[in-house]
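Structure at a glance
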There are 2 protein chains.
Amino acid sequence: MSTALPRRGIPDATVARLPDYLRVLTAMSARGIPSTSSEQLAAAVGVRSAKVRKDLSHLGNHGVRGVGYDVANLSMKIAAELGQAREWPVVIVGMGNLGRALAAYGGLASRGLRVIGLFDHDDAIAGQRVAGLPIRPMADLDSVARDADVIGVIATPGPSAKEAADALVAAGVTSILNFAPGSLAVPDEVELRKVDLATELQILAVHKQQRYAEVSRDVPLAGVAP
Amino acid sequence: MSTALPRRGIPDATVARLPDYLRVLTAMSARGIPSTSSEQLAAAVGVRSAKVRKDLSHLGNHGVRGVGYDVANLSMKIAAELGQAREWPVVIVGMGNLGRALAAYGGLASRGLRVIGLFDHDDAIAGQRVAGLPIRPMADLDSVARDADVIGVIATPGPSAKEAADALVAAGVTSILNFAPGSLAVPDEVELRKVDLATELQILAVHKQQRYAEVSRDVPLAGVAP
DNA sequence: TAGATTGTTAATCGATTAACAATC
DNA sequence: TAGATTGTTAATCGATTAACAATC
């Protein structure tokens, strides 16, 4: 089962933008705006209109030439594509600051992601409530995750991430998002993605540095006095 | 000042991986390993060795053919490239769960990013200490950020993000990382990057959905009984 | 010299973009 | 019919990868 993967793949880059379009469409809908255009969507989201049309074309052809897109209809198509037809259960392992932030993050519910379990390695904090859910001991993970087809989130400090990943895999979880620094090994059938909160900051810092480097090279005669 | 930008640009994709290499090299250094190879680095980080060599070649040629890379020397080169020659001051606006998580995030200090100020819109929590720093009222932002060439981080809820961005821009900040959902408008001279914590989860959810879709299309005769 | 490993080339892939024919 | 806007094409760009000549 591989070679020619069936033409179902919407590019990840497009998937990442769909929630932005959906947010704008929802706001339009709330204001009673019945239809829109790729130009308007592009302006609201901050991309080029050609990209909007390309992205939306992956969903099928839901626009009308010369007219635009129906707000309600397009909203539904995007929501469907994002899997919001059903809710995806999420468990979070690691209830430090980051885990708590994620548990309370408003952006999840609006995208069909429902947090159903919070876990921490430290049994002493078990029972505390975060965003309405109790923190549970790791021993409970299997019973919550097994057969529920959950998405697992690792929000532990770096050193505990391996333990968290092993526990998730052992409980049958096949989709894991890792916020902890460092790389993790998981079986092939498990999809593991990683988010490093510092990466984008690092890129900003490097760009800042490059801006300085450019200035000092481009204007070598500027501040000459020794 | 534009057209042919001076050949200083290390690709962002490479910059994003450099901290991973540095982390592995630091661990090797601690264990007294004097040299390594692109194969070893690749295995430790979870990429192909060709990618490692390509990435490192952007830093100049610091390896020795037939031998490998000197751990200490390569560590220094990467640290220098990442701007760790100096420390970059960071201010965080929005001290909810996410802001607190970022303030305490260990990954920052190790990359030359130093949090020097925490701010919140709600003056009632001013004075509270998070990770050793006091939360300050927004009114203090200008005095802290002005002329300090800081990187600004927006960790507010979505609706407050615009206000936070305006305050940062008004204080002269030209590099901003936005963790709040929604898009922000900033002047051209300000570099704005965005991280959406839910995006990667969303991608996992869509992939999960596609896996189901594939199964039901590929094996249409499997569970037939009505 | 034989063995190892880099740095670079060239092929490939995926994403972005401008332009425009198709269509309302 | 004239005007507007989509959906698609083709060019471009950046990143990944395999392969290998260069070099220790």
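About the cut-offs
Residues numbered from 1 in each chain as written. Chains lettered and ligands numbered in written order. Predicted model: local features only at pLDDT ≥ 70, side-chain atom pairs only at ≥ 80, totals over all residues. Heavy atoms only, no water. UniProt positions renumbered as here; feature names shortened; annotations may be inferred. Near = heavy atom within 4 Å. Polar contact = N/O pair within 3.5 Å; in protein donor to acceptor, adjacent residues only side chain to side chain. Helix = DSSP H or I, 4+ residues; strand = E, 2+ residues; numbered from the N terminus. Buried < 20%, exposed > 50% of the residue type's maximum accessible area, 1.4 Å probe, protein only. Contact = heavy atoms within 4.5 Å. Axes fitted to C-alpha atoms, helices over the stretch in contact; angles between N-to-C directions. Parallel < 35°, antiparallel > 145°, perpendicular 65-115°, else oblique. Nonpolar A, V, L, I, M, F, W, Y, C, P; charged D, E, K, R; others polar. Least-squares fit on C-alpha atoms with pLDDT ≥ 70 in both. Buried area = accessible area lost by both parts, 1.4 Å probe. Salt bridge = Lys/Arg side-chain N within 4 Å of Asp/Glu carboxyl O. Pairing = 2+ DSSP bridges.

Going by what an unreviewed UniProt entry lists, chain A is known as Redox-sensing transcriptional repressor Rex and is assigned to Nostocoides jenkinsii Ben 74. Quoted verbatim from the Function (unreviewed entry) field of the UniProt record, the comment on chain A reads "Modulates transcription in response to changes in cellular NADH/NAD(+) redox state." Of chain A, the UniProt comment under Subcellular location (unreviewed entry) reads exactly: "Cytoplasm".

Moving on to the protein's contact with DNA strand C. Neighbouring residues of DNA strand C: 25 residues in total, closest Arg17(A), Ser38(B), Lys54(B), Gly63(B) and Tyr69(B). Put simply, 67% of the atoms of DNA strand C that lie within 4 Å of the protein are in sugar or phosphate. Note that a phosphate oxygen of DNA strand C is positioned 2.8 Å from one of the side-chain N or O atoms of Arg17(A). Measuring from a base oxygen of DNA strand C, one finds a backbone N or O atom of Gly66(B) at 3.0 Å. Of all the elements in the fold, those that place two or more residues in the surface near DNA strand C are helix H1 (12-30) and helix H3 (49-57) of chain A together with helix H3 (49-57), strand E2 (63-64) and strand E3 (68-70) of chain B. Top contributing element to the surface near DNA strand C by residue count: H3(A), with four residues.

On to unusual backbone geometry. Phi is mostly negative for residues that are not glycine, and the peptide bonds are mostly trans. Unlike most non-glycine residues, Ala131(A) shows phi in positive territory, near 50°. Examined against the element boundaries, Ala131(A) turns out to sit in the loop between strand E6 (129-130) and strand E7 (133-137). Backbone geometry places Asp147(B), a non-glycine residue, at a positive phi of 65°. Within the secondary structure layout, Asp147(B) lies in the loop between helix H7 (141-145) and strand E8 (151-154). Note on Asp147(B): relative accessible area 77%, which makes it exposed.

Residue and element names in this part refer to chain B. Here Asn178 is to be found in strand E9 (residues 175-178). Relative accessible area serves as the criterion here: at 1%, Asn178 is assigned to the buried category. One polar contact links the side chain of Asn178 to the main-chain amide nitrogen of Ala180, over a distance of 2.9 Å. Not counting the four nearest positions on each side in its chain, Asn178 is found in contact with Ile154, Ala161, Leu184, Leu192, Arg193, Lys194 and Val195.

Okay, the packing of helix H2 (residues 38-45) of chain A against H3(A) next. Residue and element names in this part refer to chain A. Between H2 and H3, the shortest axis-to-axis distance is 8 Å and the interhelical angle comes to 110°. One way to sum up the angle between H2 and H3 is to call them roughly perpendicular. In this structure, H2 contributes Ser38, Glu39, Leu41 and Ala42 to the contact, and H3 contributes Ser49, Val52, Arg53 and Leu56. For the contact of H2 with H3, the residue count by class is four nonpolar, two polar and two charged.

This part is about the UniProt feature "DNA-binding region" (unreviewed entry) in chain A. Here the UniProt-annotated "DNA-binding region" (unreviewed entry) positions come out as residues 20-59 of chain A. With 70% helix and 5% strand, residues 20-59 of chain A has end C-alpha atoms that lie 15 Å from one another.

Expressed as a screw transformation, the operator carrying chain B onto chain A has a rotation angle of 180° and an axial translation of 0.0 Å, and the superposed copies differ by an RMSD of 0.0 Å. Look at the turn and shift together and you get a two-fold axis relating the two. Here 100% of the contact residues of chain B are again contact residues in chain A; the copies associate through an equivalent surface.

Before going further, it helps to spend a moment on the interface of chain B and chain A. Taken residue by residue, the interface counts 68 residues in chain B and 68 residues in chain A. Buried surface at the junction of chain B and chain A, summed over both partners, amounts to about 6,000 Å²; 59% is from carbon and sulfur atoms. Considering only the side of chain B, the residues that lose the most area to chain A are Leu201(B), Gln202(B) and Leu204(B), jointly responsible for 11% of the buried surface there. The interface formed by chain B and chain A holds eight salt bridges in total.

All names here are of chain B. If you trace the three strands from one edge of the open sheet to the other, you get E1-E3-E2, paired in antiparallel fashion. Looking along the sheet, the strands with just one partner apiece sit at the ends: strand E1 (35-36) and E2. The sheet contact formed by E2 and E3 spans two bridges and is antiparallel. Looking across to E3, one finds that Gly63 is bridged to Tyr69. In the packing of helix H4 (residues 71-81) onto the sheet, contacts are made with E1 and E3, and the angle to E3 comes to roughly 75°.

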